[in-house]
Amino acid sequence: MMITVKQLKDYIGETISLRGWISRKRSSGKIQFIQLRSAGSFIQIICLKEQLGEECFAKIKKAPVESPIIVTGKALLPPGRSEIEIHLESIKIFKSSSDYPISKKTHGPEFLLEHRHLWIRSQIQTKILKIRSSLEYACICFLQQEGFYRMDAPIFTPSACEGTTDLFEVDYFGSKAFLSQSGQLYSEAGISCLEKVYTFGPCFRAEKSKTRRHLTEFWGVEPEVAWLDAEENIILQERFIKFILSKVVKECADELISLGRDPESLIFDNQSFPVLLYDEALEIVKKGGFEMQWGEDFRVEQEEYLSSQFATPFFIFKYPVQCRAFYIEPAPDQSELALSSDCLMPGGFGEIITGGQRTASYDFLLQRIQEHGLSQQDFQWYLDLRKFGSVPHSGFGMGIERMTRWLTGVKHIRETIPFPRTLKRFSP
Ligand code: 4AD
Ligand code: MG
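Residues numbered from 1 in each chain as written. Chains lettered and ligands numbered in written order. Predicted model: local features only at pLDDT ≥ 70, side-chain atom pairs only at ≥ 80, totals over all residues. Heavy atoms only, no water.

Student: I'm lost on a nonpolar patch on the surface in this one. Help?
Tutor: On the surface, Phe156, Tyr172 and Phe173 cluster together into a nonpolar patch covering about 390 Å² of accessible area. Residue classification places Phe173 among the exposed positions, given a relative accessible area of 76%. (Patch = residues over 30% accessible without salt bridge, like charges linked within 9 Å, V, L, I, M, F, W, Y side chains within 5 Å. Areas by Shrake-Rupley, 256 points an atom, 1.4 Å probe, with all protein chains shown as cover. Salt bridge = Lys/Arg side-chain N within 4 Å of Asp/Glu carboxyl O. Buried < 20%, exposed > 50% of the residue type's maximum accessible area, 1.4 Å probe, protein only.)

Student: Would you mind going over the coordination of the magnesium ion (ligand 2) with me for this structure?
Tutor: Ideal coordination angles are 109.5 degrees for a metal with four donors arranged tetrahedrally and 90 or 180 degrees for a metal with six donors arranged octahedrally. The protein atoms that coordinate the magnesium ion (ligand 2) are Glu351 (OE) and Thr354 (OG1), at distances spanning 2.2 to 2.3 Å. The class for Glu351 is partly exposed, based on a relative accessible area of 21%. Thr354 gets classed as partly exposed once you look at its relative accessible area, which sits at 31%. (Donors = N, O, S within 2.8 Å, 3.2 Å for Na, K, Ca; no water.)

Student: I would appreciate a short explanation of the pairing of strand S10 (residues 196–204) in the present structure.
Tutor: Along any regular strand the residues' side chains alternate between the sheet's two faces. Most of S10 is tucked away, with seven of its nine residues classed as buried. Examined bridge by bridge, strand S6 (residues 149–150) and S10 share two bridges and lie parallel to one another. Each residue of the ladder has a partner; that of Tyr149, found in S10, is Val197. In terms of strand pairing, S10 meets strand S11 (residues 217–226) through nine bridges, oriented antiparallel. Bridge assignment links Val197 to a residue of S11, and that residue is Glu224. (Helix = DSSP H or I, 4+ residues; strand = E, 2+ residues; numbered from the N terminus. Pairing = 2+ DSSP bridges.)

Student: Can you walk me through the packing of helix H8 (residues 278–287) against helix H9 (residues 300–308) in this structure?
Tutor: In helix packing, the relevant descriptors are the interaxial angle and the interaxial distance, both defined with respect to the helix axes. Packing of H8 against H9 leaves a shortest axis separation of 10 Å and a crossing angle of 95 degrees. Judged by the inter-axis angle, H8 sits roughly perpendicular to H9. Counted together, Ala281, Ile284 and Val285 of H8 and Gln302, Tyr305 and Leu306 of H9 form the full contact between these two elements. Of the residues that constitute the contact of H8 with H9, the class distribution is five nonpolar, one polar and no charged. (Axes fitted to C-alpha atoms, helices over the stretch in contact; angles between N-to-C directions. Parallel < 35°, antiparallel > 145°, perpendicular 65-115°, else oblique. Contact = heavy atoms within 4.5 Å. Nonpolar A, V, L, I, M, F, W, Y, C, P; charged D, E, K, R; others polar.)

Student: Looking at this model, I keep getting lost on the site of ligand 1. Mind explaining?
Tutor: Near ligand 1 there are 22 residues, and of these Glu162, Gln184, Glu222, Glu351 and Ile352 occur at the shortest range. Note that an oxygen atom of ligand 1 is positioned 2.5 Å from one of the side-chain N or O atoms of Glu351. At a separation of 3.1 Å, an oxygen atom of ligand 1 approaches a polar backbone atom of Gly399. Those elements that provide at least two residues to the shell around ligand 1 are S11, strand S16 (350–358) and strand S17 (393–399). Ranked by the residues each element gives to the shell around ligand 1, the list is headed by S16, at five residues. Taken together, the residues of the shell around ligand 1 break down into seven nonpolar, seven polar and eight charged. (Near = heavy atom within 4 Å. Polar contact = N/O pair within 3.5 Å; in protein donor to acceptor, adjacent residues only side chain to side chain.)

Student: I'm lost on the packing of aromatic side chains in this one. Help?
Tutor: Any pair of aromatic rings gets described here by the distance separating the centres and the angle formed by the planes. This model, assessed by the stated rule, comprises 21 aromatic pairs. Between the aromatic rings of Phe200 and Trp219, the centroid separation amounts to 6.3 Å while the plane-to-plane angle is 55 degrees, which identifies the pairing as tilted. Of this pair, Phe200 sits in strand S10 while Trp219 is found in strand S11, placing the two residues 19 residues apart along the sequence. Here Trp219 falls in the partly exposed class, since its relative accessible area comes to 27%. Pairing Tyr278 with Tyr319 gives two aromatic rings, centres 5.7 Å apart and planes at 50 degrees, and the pair type is tilted. (Phe/Tyr/Trp six-rings, centres within 6.5 Å; stacked < 30°, edge-to-face > 60°.)

Student: Sorry if this is basic, but what is going on with the packing of helix H6 (residues 184–194) against helix H11 (residues 380–387) here?
Tutor: Closest axis-to-axis distance for the H6/H11 pair is 10 Å, and the angle between their directions is 30 degrees. With respect to their mutual orientation, H6 and H11 come out roughly parallel. As for how H6 packs across H11, the hand of that crossing is left-handed. Each of Gln184, Leu185, Tyr186, Glu188 and Ala189 in H6 lies in contact with H11, whose residues at this interface are Trp381, Tyr382, Leu385 and Arg386. Of the residues that constitute the contact of H6 with H11, the class distribution is six nonpolar, one polar and two charged. (Left-handed = near helix turned anticlockwise from the far one by under 90°.)

Student: Help me understand the side chain of Asn233, please; the structure alone is not making it clear to me.
Tutor: Within the fold, Asn233 resides in helix H7 (residues 230–258). Look past the residues within four positions of Asn233 in its chain and what remains in contact with it is Leu228, Gly355, Gly356, Ser394, Gly395 and Phe396.

Student: What is the right way to look at the sheet that holds strand S8 (residues 169–172) in this model?
Tutor: Two modes of strand pairing occur in sheets, parallel and antiparallel, and in both the strands are linked by backbone hydrogen bonds. Taken together, three strands build an open sheet; the order of strands is S7-S9-S8 and the sheet is antiparallel. At either end of the open sheet lies a strand with only one pairing partner, and these are strand S7 (156–157) and S8. In this structure, S7 lies alongside strand S9 (residues 175–179), joined through two bridges in antiparallel fashion. Note that in S9 the partner of Phe156 across the bridge is Leu179.

Student: Would you mind going over the sheet that holds strand S5 (residues 85–93) with me for this structure?
Tutor: Around the barrel, which closes on itself, the five strands sit in the order S1-S2-S3-S5-S4 with mixed pairing between neighbours. Strand-to-strand twist across the sheet, computed as the mean angle between neighbouring axes with direction ignored, equals 55 degrees. With eight bridges joining them, strand S2 (residues 31–38) and strand S3 (residues 41–48) adopt antiparallel strand pairing. Bridging across to S3, Ile34 finds its partner in Ile45. Where helix H2 (residues 54–62) meets the sheet, its contacts fall on strand S1 (15–28), S2, S3 and S5, and the angle it forms with S5 comes to roughly 85 degrees.

Spelled out as structure tokens, the structure:
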């Protein structure tokens with residue numbers, strides 16, 4: 001009977017069939033071991049010459065890695081082991097070329113990235129992609145359960161959401177358009193009809209710096225809520241992070257363990273996340289020996305230092321207005337401070353989320369648009385949102401790849417997205 005890997009545990013002791021690909025092979029005389037890759041799992045197939053006969057055994061020996069196969073055999077769980085293996089009874093082998101370029105030897109990152117379409121088949125990459133998928137699902141589960149509506153934002157946009165320095169410009173039938181940096185401005189339009197919305201889609205940033213945490217195309221999940229203030233927004237983020245981490249760890253414990261992560265260390269259900277004011281974070285950074293003036297944003301090293309001082313995710317709140325986006329509401333009693341926060345992950349990781357309260361005032365927003373040298377015409381639709389029934393509202397954005405990187409512990413963000421786009425690469 002043909003079963004899926006997920007069903008395998010219910011068939012121990014029985015003869016079943018499974019489909020997949022030969023991921024690896026090794027042999028020692030009269031026995032060969034196939035590592036079968038099937039729907040994201042890796043299962044050992046034991047092939048005995050004595051049982052299979054000369055001809056079948058030789059056919060297996062000749063089959064190149066990545067040959068698709070259908071195996072039939074008995075599923076067994078050897079005593080003291082946690083992984084089920086199949087004792088092969090018969091096999092159907094499909095054709096594949098024998099010059100598969102990725103071998104067991106170590107390849108350089110450029111070679112692997114050039115072959116990303118094949119590299120994703122390797123064990124580690126397959127596991128990372130599984131964790132990413134689980135994370136995306138967890139985000140959606142949390143938001144839908146909380147009564148949010150998904151509202152997809154456009155990719156071609158007339159204006160900048162997150163500053164004008166890293167925009168990708170495209171020719172839109174003779175007019176200038178930009179690839180979206182964030183869905184936020186559109187979700188702000190959505191709250192007046194659906195109250196709680198989120199965008200989930202690609203964001204583009206023409207990041208000219210080569211870092212291990214920046215992509216030029218990443219996926220953002222960006223909730224936005226009417227009537228929510230900045231403090232309540234922080235509480236929402238804490239609940240969101242706790243939920244998604246717990247869910248992913250529950251679903252992907254095996255994958256996380258095999259990537260060297262301790263699942264327990266990724267869950268914070270019973271801890272509360274500290275909220276530091278910008279001024280307090282600045283003091284910590286200065287005490288750590290960094291030079292930094294009030295009003296500057298934390299640089300990567302400073303952020304990493306800060307987050308190495310904490311054992312749980314934590315927030316930095318009330319940044320000076322000059323280091324935050326134009327749409328942020330200032331603190332009511334301290335107009336030099338923005339009601340905006342970053343959430344940082346512990347262990348030296350740095351930023352995972354930026355969020356904040358958006359200004360509800362037409363006049364203040366117009367003033368900020370002008371101060372930032374942005375075009376009033378391009379943002380007139382966004383100003384309209386303040387003209388017709390504006391209410392206090394807040395939201396936040398998290399990068400899926402950043403969170404996948406934190407969960408998996410991989411060094412470089414490029415391994416957390418199926419096909420990474422970076423400063424120097426937009427293929428395959
Ligand atoms: O901090 P950012 O730029 O904030 C915004 O875009 C707001 N509009 C969010 C909002 O309030 N709705 O981006 C949000 C998150 C970052 O915290 C980070 O996790 C991720 O997106 N991010 C990137 N991930 C990979 N590569 C990049 N170049 C990224 N830039 C931001
Ligand atoms: Mg940010």
